[in-house]
Amino acid sequence: MGKCFQLLESILDGEAMDEGKAVLDEKLAKCQPCFERYHLEQAIKEVLKTKCTKKAVPTELIMNIRSKIEEFK
């Protein structure tokens, strides 16, 4: 199963070639743990992609946080 997980990771990372995808598709059809792991990893990567983006933090919020930290020092 280790090789399957390595192949799974390379496909999710966009590194595997078409023949690797075909092998994985066949494996996913036969192996429930691989199928579950693939979909879990895919969901995690999607969440990270959508939720972990750099967004500007309002200056006022930064100043409020800093002042609260200073109050506790």
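Bear in mind the structure is a predicted one, so any value in this text is a computation, not a measurement.

## Focus on helix α2 (residues 18-30)
Line of reasoning, step 1. Between its first and last C-alpha atoms α2 spans 19 Å; for 13 residues at 1.5 Å apiece the expected length is 18 Å, and the two agree.
Line of reasoning, step 2. Listing the buried residues of α2 in full gives G20, L24 and L28. Around the axis of α2, the buried residues are gathered within 70 degrees of arc, so they sit on the same side. Seen from the open side of α2, the exposed residues pointing more than 90 degrees away from its buried face are D18, E19, D25, A29 and K30.

## What about the pattern of salt bridges?
Line of reasoning, step 1. All told, the structure shown has 2 salt bridges when counted by the stated rule.
Line of reasoning, step 2. When the shortest N-O distance is used, the salt bridge between E26 and K30 registers 3.4 Å. In this pair, E26 and K30 are both assigned in helix α2, 4 residues apart and thus about one turn of the helix distant.
Line of reasoning, step 3. Residue classification places E26 among the partly exposed positions, given a relative accessible area of 49%.
Line of reasoning, step 4. Residue E41 pairs with R37 through a salt bridge whose shortest N-O separation is 3.2 Å. One end of the pair is E41 and the other is R37, both in helix α3 (residues 32-51) and 4 residues apart, which spans about a single turn.
Line of reasoning, step 5. The buried category is assigned to E41, whose relative accessible area is 16%.

Definitions and cut-offs
- Residues numbered from 1 in each chain as written.
- Predicted model: local features only at pLDDT ≥ 70, side-chain atom pairs only at ≥ 80, totals over all residues.
- Heavy atoms only, no water.
- Helix = DSSP H or I, 4+ residues; strand = E, 2+ residues; numbered from the N terminus.
- Expected span 1.5 Å × (residues − 1).
- Buried < 20%, exposed > 50% of the residue type's maximum accessible area, 1.4 Å probe, protein only.
- Arc of directions from axis to C-beta.
- Salt bridge = Lys/Arg side-chain N within 4 Å of Asp/Glu carboxyl O.

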